[in-house]
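# Structure assessment
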Amino acid sequence: MTIIRRMLWVGVLALPLAFAGGCIMHAAAETVLTVRIDDPDGMGIESAETLFGLADVLWRGGQNSYEIVGHGWRPREHETYMIVANEGYPAGVDRFIHITPNGPPDEWPDYHVELVVPAALVIPDTPDPQAVLVFTGTLHAPHKMFPDRLQFSLAQVPLSSEFGPVRTIYVSGKIIATPAEDLVFDEMVESYRQAVRQRR
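In this convention, every chain numbers its residues from 1, walking through the sequence in written order. Only residues with pLDDT of 70 or above have their local features reported here, since the model is predicted, and side-chain atom pairs are shown and tallied only from 80 upward, although totals for entire chains, interfaces and linings are computed over all residues. With hydrogens and water excluded, all non-hydrogen atoms of the structure serve as input to the side-chain values.

## As for the nonpolar core
We count it as follows: Nonpolar core, defined: a set of buried Ala, Val, Leu, Ile, Met, Phe, Trp, Tyr and Cys residues in which side-chain atoms within 4.5 Å join the residues together. Between buried and exposed lies partly exposed: a residue is buried under 20% and exposed over 50% of the maximum accessible area for its type, with that area taken using a 1.4 Å probe on protein chains only. Helix numbering and strand numbering both begin at the N terminus, where a helix is a DSSP run of H or I of at least 4 residues and a strand a DSSP run of E of at least 2. Any two residues whose heavy atoms approach within 4.5 Å are treated as being in contact.
Residues Ile68, Leu115, Ile169 and Ile175 are the most contacted members of the largest nonpolar core, which totals 33 residues. Sort the elements by how many residues they give to this core and strand 11 (residues 149-160) lands first, with five residues. Not counting residues within four places of it along the chain, the set of residues in contact with Ile175 comprises Thr31, Leu33, Val57, Ile68, Ile97, Ile99, Leu150, Gln151, Phe152 and Leu154. Counting residues in hydrophobic clusters, the runner-up holds 12 residues, among them Val134, Phe185, Val189 and Tyr192.

## A word on helix 3 (residues 182-197)
What counts here: By this rule, a helix spans an expected 1.5 Å times one less than how many residues it contains. Starting at the helix axis, one direction is taken to each C-beta atom, and the arc is that of these directions.
Between its first and last C-alpha atoms helix 3 spans 22 Å; for 16 residues at 1.5 Å apiece the expected length is 22 Å, and the two agree. For helix 3, the set of buried residues is Phe185, Met188, Val189, Tyr192, Ala195 and Val196. For helix 3, the angular spread of buried residues about the axis comes to 115 degrees, placing them on one side. Among the exposed residues of helix 3, those pointing more than 90 degrees away from its buried face are Leu183, Glu187 and Arg197. In this fold, the buried residues of helix 3 make contact with strand 4 (56-62), strand 5 (65-72), strand 7 (95-101), strand 8 (111-118) and strand 9 (132-139).

## Quick notes on the pattern of salt bridges
Put simply, the test is: Each reported salt bridge corresponds to a side-chain nitrogen of Lys or Arg within 4 Å of a carboxyl oxygen of Asp or Glu.
Going through the model one piece at a time under the given rule, you end up with four salt bridges. Across the salt bridge formed by Arg60 and Glu67, the nearest N and O atoms sit 3.4 Å from each other. Owing to a relative accessible area of 23%, Arg60 belongs among the partly exposed residues under this scheme. According to the relative accessible area criterion, Glu67 is buried, its value standing at 17%.

Purely geometric numbers; function is a separate question.
The following block contains the structure:
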């Protein structure tokens, strides 16, 4: 038996044993973003790249005019992993995204995007780990529309912040949203607004 085949058999046998031992499989989020940070002003912040997921991303609207809101909090939402059931999920931090059309529907508008992240996600060794940063920018159309999802693709989209020390980040990845009822959508928008109000 080759090494690869042996490894596959070990994986097949380990999976049911893991579930029998009280493990929970947590699937990776469909929306996964990469944030790149540069320090062109020499403020002492090292260039870095951070990967994170948003497990719940919703949309509503129509006629080429959509509003999207998304939320994530688990530290490893960008990947599939297992945890021990009786230990619960590791402590996480809230992350939000909010996207709104920036023009009338008949113009196939660009979109205004706001990304809310904890400072610790983009600033290693931040002196204020509870701080929340808000970055804004423009997400260009087009989007892809499917019967059960709405998709945006981002490639090094610059987002800026009025408050330092990081003024610009570059975001790549895919945002995949599913339709939601107004009540559920409004609740997540309110959570997003509360997070914005808590920024420092």
